[in-house]
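So the chains spell out like this:
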Amino acid sequence: MSKSKKEYILEKALDLFADRGYEATPTSLIAKEADVSEGLIFKHYSNKANLLEEVIKAGYRRITDKSKGLAMEKDPQKLINSVLDMPQRLVEEERNFWRMQFRLVDEEIAQKHHNRYTHSVMQKLVQAFKELGYNDPEMESEVLMLLVEGLWRLFVTNGDEEHCRKMVALIKSKYARQ
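Because the structure is predicted, anything quoted here is derived from the model rather than measured. (Residues numbered from 1 in each chain as written. Predicted model: local features only at pLDDT ≥ 70, side-chain atom pairs only at ≥ 80, totals over all residues. Heavy atoms only, no water.)

### A few points about the environment of Thr118
Within the secondary structure, Thr118 is located in helix H8 (residues 108-131). Sequence separation of Thr118 and Glu149 is 31 residues, and the distance between their C-alpha atoms is 9.8 Å. Discounting residues that sit within four places of it in the chain, Thr118 has contacts with Met145 and Glu149. Only 3.3 Å separates the side chain of Thr118 from the backbone oxygen of Asn115, close enough to count as a polar contact. (Helix = DSSP H or I, 4+ residues; strand = E, 2+ residues; numbered from the N terminus. Contact = heavy atoms within 4.5 Å. Polar contact = N/O pair within 3.5 Å; in protein donor to acceptor, adjacent residues only side chain to side chain.)

The following block contains the structure:
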């Protein structure tokens, strides 16, 4: 099935925002790369900020779809391990999206959608830590999510996959049932 022009614009915008950054990417370049008129971009998205928001929303929809198994996991230890595996898996599957997010880390629109996604993960972690008998499940969840954020950044910026895998294994060993 071929992509619509609207989908192709989103794809090219994502690639360019990841490579050049949002501010350094004019809509004229997106139009050229997508082989559409700049007017068509504005017809679909009104302005560049709306285009960015749609790129971010589309990315989180894809990531949410790929993370559905996480919501179904009943074993608390497996859930924790899955959350720790998430940064590497999602960066491998959506590298340009995460590269763009890394560039936009301080932008309100990126934070809003990222927080919405991580909130649901956080709720599952709190429940998992409760089931495992941790004294402060909320704090444990916050610490784990800080580690996940760090791993995500590491996977986006570091090409040494073996080192990254070792770090994940070390963190998993610290959360393994005693």
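### Considerations on the environment of Asp65
Position of Asp65 among the secondary structure elements: in helix H4 (residues 48-66). In the structure, Asp65 is positioned 23 residues away from Phe42 in sequence and 28 Å away in space, judged by C-alpha atoms.

### Section: the packing of helix H9 (residues 137-157) against helix H10 (residues 161-175)
Each packed pair of helices is defined by two parameters, the angle between the axes and the distance between the axes. Where H9 meets H10, the axes come as close as 11 Å, and the angle between the chain directions of the two elements is 170°. By the criterion of interaxial angle, the relationship of H9 to H10 is roughly antiparallel. Of H10, the residues touching H9 (which contributes Glu140, Val143, Leu144, Leu147, Leu151, Leu154 and Phe155) are Cys164, Met167, Val168, Ile171 and Tyr175. Grouping the amino acids of the contact of H9 with H10 by side-chain chemistry returns 11 nonpolar, no polar and 1 charged. (Axes fitted to C-alpha atoms, helices over the stretch in contact; angles between N-to-C directions. Parallel < 35°, antiparallel > 145°, perpendicular 65-115°, else oblique. Nonpolar A, V, L, I, M, F, W, Y, C, P; charged D, E, K, R; others polar.)

### Focus: the UniProt feature "DNA-binding region" (unreviewed entry) in the chain
The feature "DNA-binding region" (unreviewed entry), as given by UniProt, occupies residues 26-45 in the numbering adopted here. A distance of 14 Å separates the end C-alpha atoms of residues 26-45, which is 80% helix and 0% strand. (UniProt positions renumbered as here; feature names shortened; annotations may be inferred.)

### With respect to the UniProt feature "domain: HTH tetR-type" (unreviewed entry) in the chain
According to UniProt, the positions carrying the feature "domain: HTH tetR-type" (unreviewed entry) are residues 3-63. The span residues 3-63 shows a helical share of 79% and a strand share of 0%, and its end C-alpha atoms are spaced 19 Å apart.

### Describing the pattern of salt bridges
Going through the model one piece at a time under the given rule, you end up with 9 salt bridges. Glu94 serves as the salt-bridge partner of Arg62, at 2.9 Å between the closest nitrogen and oxygen. In this pair, Arg62 is assigned in helix H4 and Glu94 in the loop between helix H6 (76-93) and helix H7 (95-103), connecting sequence segments 32 residues apart. According to the relative accessible area criterion, Arg62 is partly exposed, its value standing at 30%. (Salt bridge = Lys/Arg side-chain N within 4 Å of Asp/Glu carboxyl O. Buried < 20%, exposed > 50% of the residue type's maximum accessible area, 1.4 Å probe, protein only.)

### Quick look at H10
Over its 15 residues, H10 runs 21 Å from end to end, which matches the ideal 21 Å to within 8%, given 1.5 Å per residue. Residues Cys164, Val168, Ile171 and Tyr175 constitute the buried set of H10. Down the axis of H10, the smallest arc covering the buried residues is 65°, so these residues share one side. Elements in contact with the buried residues of H10: H6, H8 and H9. (Expected span 1.5 Å × (residues − 1). Arc of directions from axis to C-beta.)

### With respect to the nonpolar core
Nonpolar side chains tend toward joint burial in soluble globular proteins. In this structure, Ile9, Phe17, Leu51, Val83, Trp98, Met100 and Leu125 are the most contacted members of the largest nonpolar core, which totals 53 residues. Looking at this core element by element, the count peaks at 8 residues for H9. Residues contacting Phe17, with those up to four places away along its chain left out, are Tyr22, Thr25, Ile30, Lys48, Leu51, Leu52, Val55, Met100 and Arg103. (Core = buried A, V, L, I, M, F, W, Y, C linked by side-chain atoms within 4.5 Å.)

### Some points on the packing of aromatic side chains
In this structure the tally under the stated criterion is 9 aromatic pairs. Seen from their ring centres, Phe102 and Trp152 are 6.4 Å apart, and the 65° between their planes marks the pair as edge-to-face. A residue pair is termed long-range when its members are at least 10 positions apart, and Phe102 in helix H7 and Trp152 in helix H9 qualify at 50 residues. The exposure class assigned to Phe102 is partly exposed, which follows from its relative accessible area of 32%. Ring geometry for Phe129 versus Tyr175: centroids 5.6 Å apart, planes at 50°, classification tilted. Remark: Tyr175 occurs in helix H10 and Phe129 occurs in helix H8; sequence separation between them is 46 residues. The pair formed by Phe129 and Tyr175 is uniform in burial state, with each residue classed as buried. Taken together through their ring pairs, the aromatic side chains of Tyr60, Phe97, Trp98, Phe102, Tyr117 and Trp152 make up a single cluster. When the ring centre of Tyr22 is taken as reference, the NZ or CZ atom of Lys48 above it lies at 4.5 Å. (Phe/Tyr/Trp six-rings, centres within 6.5 Å; stacked < 30°, edge-to-face > 60°. Lys NZ or Arg CZ within 6 Å of the ring centre and 35° of its normal.)

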